[in-house]
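So you can see what is in the structure, the chains are spelled out below.
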Amino acid sequence: MALNIAYFAWVRERMGIADETVEIPASVADVGALVTWLGARDARGKIAFAEPHRIRAAIDGVMMGPDAPLSGAKEVALFPPVTGG
Amino acid sequence: MIRALVQPGAIDVAAELDLHDAGGHGASASFIGRVRGDDDLTELFLDHHPAMTAAGLADLAHAAADRWHLSALTLIHRVGAMVPGETIVLVLTSSAHRAEALAACEFLIDRLKTDVMLWKRETFADGRVQWVEPREGDQARAEKWGA
């Protein structure tokens, strides 16, 4: 399945890119599995996703937990906890 | 009138207050957040998600308008690079009486810290660069307002 992934804040800096389109294996079915898969994919992913508990996600503009399924998703955003205000 | 914006340009506090105040309100409360130059900070950069940050601010503004009787609400957050002294965020809330205006203003600034897609990165004079970590106190303040 082809999936657009967008990265923000230090996740973007550690990945070295703002977004990418990836072909994910069928076994990667939810947000948690995607984070694990990206963390194992290459050196930059290993750095960006070394601490999965510090990663938050949104699917097509809606905040989602690690159990959220990826089926039907167009864009997944991955980012740290927010710090605005 | 609800005005919720995310913008890369400077926030003109005086102009926004004039716009907000048009017609006059019984009671108005304000919060202005500015970049502090602590520890020789030279730049504060605010990262955001183009669609979700704007939607988050609008959702927050509408949540406040649902909860209190407000005659006007202005919620503007700046993004991009800023230097000490510049305005990061402006919250203006108005109602017939002070209690609702003050409560809505506090609610908005507390929830901004936890609910909206914004991330702060600090750069210091000695070259250090660090992303700001969320503070537990901010989470507790945001949660006191309930769902």
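Source: prediction; values computed, not measured.

**A closer look at the nonpolar core**
Ranked by size, the top nonpolar core spans 52 residues in total, and within it Val11 and Leu78 of chain A together with Leu60, Ala64, Leu75 and Leu108 of chain B carry the most contacts. Per element, the largest residue contribution to this core is six residues, and it comes from helix α3 (residues 98-115) of chain B. Setting aside anything within four residues of it in sequence, one finds Val11 of chain A in contact with Ala48, Ile55, Leu78, Phe79 and Pro80 of chain A.

**Digging into the interface of chain B and chain A**
If you look at the interface, chain B gives 21 residues, while chain A gives 12 residues. If you list the elements that add at least two residues to the side of chain B that touches chain A, you get β3 (41-48), α2 (50-67), α3 and β7 (118-124) of chain B. Among the elements that make up the side of chain B that touches chain A, the one with the highest residue count is α3 of chain B (four residues). Across the side of chain B that touches chain A, the residue classes tally to 14 nonpolar, four polar and three charged.

**Comments concerning the sheet that holds strand β4 (residues 62-64) of chain A**
Residue and element names in this part refer to chain A. Here five strands make up an open sheet; going across it, the order is β2-β1-β5-β3-β4 and the pairing mixed. Of all the strands in the sheet, the pair left with one neighbour each is β2 (19-23) and β4. Strand after strand, the sheet turns through a mean of 30° between neighbouring axes, direction not considered. Pairing geometry for strand β3 (residues 56-59) and strand β5 (residues 75-79), over four bridges, is antiparallel. When the bridges of β5 are listed, Ile59 appears paired with Val76.

**Some words on the environment of Val76 of chain A**
Residues and elements named next belong to chain A. Structurally, Val76 is set in strand β5. On the basis of neighbour counts, which here come to 23 C-beta atoms within 10 Å, the residue Val76 falls in the buried class. Put simply, Val76 and Leu3 are 73 residues apart on the chain and 7.5 Å apart in space, counted from C-alpha to C-alpha. Contacts of Val76, omitting those with residues within four sequence positions, involve Leu3, Ile5, Val31, Leu34, Ala57, Ile59 and Leu70.

**Some details on the sheet that holds strand β6 (residues 87-95) of chain B**
Residue and element names in this part refer to chain B. Judged by pairing direction, the sheet is mixed, and its four strands sit side by side in the order β1-β4-β6-β2 without closing on themselves. Single-partner strands in this sheet number two, and they are β1 (2-7) and β2 (27-34). Neighbouring strand axes in the sheet, compared pairwise and without regard to direction, differ in orientation by 5° on average. Two strands pair when backbone bridges link them, and β2 and β6 are joined in this way by eight bridges, in the antiparallel orientation. Opposite Arg34, over in β6, you have Thr87 as the bridge partner.

Rules used in this analysis
Residues numbered from 1 in each chain as written. Chains lettered and ligands numbered in written order. Predicted model: local features only at pLDDT ≥ 70, side-chain atom pairs only at ≥ 80, totals over all residues. Core = buried A, V, L, I, M, F, W, Y, C linked by C-beta atoms within 7 Å. Buried ≥ 20, exposed ≤ 12 C-beta atoms within 10 Å, placed from the backbone. Helix = DSSP H or I, 4+ residues; strand = E, 2+ residues; numbered from the N terminus. Contact = placed C-beta atoms within 7 Å. Nonpolar A, V, L, I, M, F, W, Y, C, P; charged D, E, K, R; others polar. Pairing = 2+ DSSP bridges. Axes fitted to C-alpha atoms, helices over the stretch in contact; angles between N-to-C directions.

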